[in-house]
Amino acid sequence: MQTERLFDRIDSIQLKGITKKYGEGFAVKDLDLEVIGGELLILIGPSGSGKTTTLRMINRMIEQDEGSVTINGIDTKNVDPVRLRRNIGYVIQNIGLFPHMTIGENIGLVPKLEGWNKKEIEERVKTLLEFVSLPPDMFMNRYPKQLSGGQQQRVGLARAMAMDPPLFLMDEPFGALDPILRKQLQKEFLKIKNEINRTIVFVTHDIEEALVLGDRIAIMDQGELVQVGPPEELIFNPANELVADIVDNQRKFKHMDTLKVKDLMSPFEDKYVLQAKTEACDAVDEMTKRDLETAFVFDEDALLGQVEIVDLMKCRHREEKLSELAKPIKTFQPMDSVAFALSEMKNSGEYLAIVMNSKHPVGILVSDEVLLKLI
Amino acid sequence: MLSIQAIANVWERNLMTMRTIEHLHMFSIALLLSIIIGVSVGIFIYMKPKTANPVLNFLNIVETIPDLALIVLLLPILKLGAGPTIAACVLYSILPIARNTYTGLKNVDEQYTYVAQAIGLSPREALLKVRIPMSLPLIAGGIRIALVFCMGVVTLGGLVAAGGLGTVLQNGIQLYQKDAILVAGLWTGLLAVLLDGFAGLIEKKLHERYGTW
């Protein structure tokens, strides 16, 4: 079925007096919210606050009981839902790649239904895979279960971009990933976001993620909108206790001076280790198997540095050894103070460091993880 | 024990090459019809859930009629020959195929059907591209059960002049030719085992390709 394009860009999305009841209770109660074209709006709140319900009412996966959703002045009630959804990219936490289709078929599914020819689809799939840093030749014909969690999430993103939609809805897209992976994908997503310059509505329960990614943040509680505004407004002028609670940065740093690196590091695991003589191609396979985005390179016992899978895949055709590719990484002692470690990391713009006890790695310090543990 | 020569003689005397072809001919027509009707019924009751229980109950009742009785009941309508046998096969086989198709379609993991809808597949596209492919292993399982049913019923067809290997068995019983009974019996059994094994192989392949559990 071929559908006509509904809108090329988003000027504004208006949610007016939206109410959704579940039995006696309200999932969302009389909500007014505007999404401005080109922004990334975060919906955040405790579980049961109605943020996901709100998101799903934009593409009519849930129909509101009262109120209206208009995109560029068009009431979504008057639009065929299939056509509406093909104009909206959708990414969810559990990704939901179809297990019986290859990566290429997954990404090309909607273009195929739209009647594109084989060649157009293949080109589009290749472009998108390259865009999310997955070499097409290596991944197009694989099945989802052959990919690591991080790679699957990249494919999920590529699939959402297939029809080049002007609007994206993202429901905790990085929620199921481990902290290191999450941080890495956020970093990349931010880059992608700036490149494609689209309107994005993004649900999360992670305030760090919200502060990093959001142009504006809407805080919801018990089905109602509590406050919406840019991050600094929420921090400096919180509307109530809840907002202050969610965004409060003060408390995080209270004990900073007394804390040591060893108190806040994540334990080091053998799975992070790759040997210096490993070739880049083998390392990519190995990291996929271990579900790693970043690994640390050791020559016997000596730390050489870190490698990221994104970089390794670029030099796929050369048989380089990891010893040549490893990038330097900061190291700290377990008894170093956290404040010192964090400021060092901030200065060099790194988010990862390794904690060494004399010569042995004992932990990993992830800057965001540290902040979260301080809350 | 029978010598190879003796087996060859029995085979010749009873025209068993021809009988085997007849047998497989009836069997293939019956199975093909069963698959077409069974899968269609399965999809239909999935799309109209209110009809699912009555239809499956009715098919269950058909299933409880003894196969010999069913063939005899069909005789006045379809006359002597392969007709009643094929019809009985199909009537028996619809249930396992339709039930497995229905269960398969219904039990596709909700996250996949949700995503299909959310990225803009129409209900029909979601059925064709996601639900049916993901149900294939279970549908194949139903077809495999039907295949075993059909082999049995087709053999019974010998009683009502349907031809096939059942005729050899029937003659052997009536003329008390032990060697004919033995050869035809073993051969029919072997055919059933081979076909079942082949179907099992296909089912396994489908599981690897489409299975999620």
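Conventions we followed
- Residues numbered from 1 in each chain as written.
- Chains lettered and ligands numbered in written order.
- Predicted model: local features only at pLDDT ≥ 70, side-chain atom pairs only at ≥ 80, totals over all residues.
- Axes fitted to C-alpha atoms, helices over the stretch in contact; angles between N-to-C directions.
- Helix = DSSP H or I, 4+ residues; strand = E, 2+ residues; numbered from the N terminus.
- Parallel < 35°, antiparallel > 145°, perpendicular 65-115°, else oblique.
- Left-handed = near helix turned anticlockwise from the far one by under 90°.
- Contact = placed C-beta atoms within 7 Å.
- Nonpolar A, V, L, I, M, F, W, Y, C, P; charged D, E, K, R; others polar.
- UniProt positions renumbered as here; feature names shortened; annotations may be inferred.
- Expected span 1.5 Å × (residues − 1).
- Bend = angle between axes of the 7 residues up to and from the residue.
- pLDDT = per-residue confidence, 0-100.
- Domains from an automatic or database assignment.

Draft legend 1. Looking closely at the packing of helix α8 (residues 165–175) of chain B against helix α9 (residues 178–210) of chain B. Residues and elements named next belong to chain B. For the pair α8 and α9, the least separation of the axes is 8 Å and the interaxial angle reads 155°. For the element pair α8 / α9, the angle class is roughly antiparallel. In the crossing of α8 with α9, the sense of the turn from one axis to the other is left-handed. Two secondary-structure elements touch here, α8 through Leu165, Val168, Leu169, Asn171, Gly172 and Ile173 and α9 through Ala180, Ile181, Ala184, Gly185, Trp187 and Thr188. Its residues assigned to classes, the contact of α8 with α9 shows eight nonpolar, four polar and no charged.

Draft legend 2. Representation of the UniProt feature "transmembrane region" (unreviewed entry) in chain B. Residue and element names in this part refer to chain B. UniProt feature "transmembrane region" (unreviewed entry): in the numbering of this structure it lies at residues 24–47, 68–95, 143–169 and 181–202. Strand forms 0% of residues 24–47 and helix 100%; the C-alpha atoms that close the span are 34 Å apart. Helix makes up 100% of residues 181–202 and strand 0%. Its end C-alpha atoms lie 32 Å apart.

Draft legend 3. Focus on the environment of Lys79 of chain B. Summarising the element assignment, Lys79 of chain B is placed in the loop between α4 (67–78) and α5 (82–106). Taking C-alpha positions, Lys79 of chain B is 54 Å from Ala118 of chain B, a pair spaced 39 residues apart along the chain.

Draft legend 4. Geometry of the environment of Ile354 of chain A. Residues and elements named next belong to chain A. In this fold, Ile354 is placed in strand β16 (residues 352–357). For the pair Ile354 and Cys281, spaced 73 residues apart in the sequence, the C-alpha separation amounts to 24 Å. Residue contacts for Ile354: discarding those within four places in its chain leaves Phe296, Leu303, Ile329, Thr331, Pro361 and Ile364.

Draft legend 5. Representation of the UniProt feature "domain: ABC transporter" (unreviewed entry) in chain A. Under the local residue numbering, the UniProt record ascribes the feature "domain: ABC transporter" (unreviewed entry) to residues 13–247 of chain A. In this annotation, residues 13–247 of chain A is assigned 40% helix and 27% strand; the end-to-end C-alpha distance for the span is 26 Å.

Draft legend 6. α5 of chain B, seen in detail. Under the 1.5 Å per step criterion, the end-to-end length of α5 of chain B is 36 Å for 25 residues, consistent within 8% with the ideal 36 Å. A maximum bend of about 30° is found in α5 of chain B at Ser93 of chain B, where proline Pro96 of chain B lies one to four positions downstream.

Draft legend 7. Just the confidence of the model for chain B, in detail. All names here are of chain B. When pLDDT is averaged along chain B, the result is 83, and 97% of the positions lie at 70 or above. Of all helices and strands in chain B, the one with the weakest mean pLDDT is helix α1 (residues 4–13) (75), whereas helix α6 (residues 110–118) scores best (88). In the model output, the complex is listed with pTM 0.71 alongside ipTM 0.72.

Draft legend 8. Layout of the domain arrangement of chain A. Residues and elements named next belong to chain A. Each domain of chain A was delimited in the assignment, giving domain 1 (12–249) and domain 2 (256–374). For domain 1 versus domain 2, the distance between C-alpha centres works out to 30 Å. Within the residue set of the side of domain 1 that touches domain 2, elements represented by two or more residues are α6 (149–160) and α7 (179–196). Looking at the side of domain 1 that touches domain 2 element by element, the count peaks at five residues for α7. For the side of domain 1 that touches domain 2, the residue count by class is six nonpolar, six polar and two charged.

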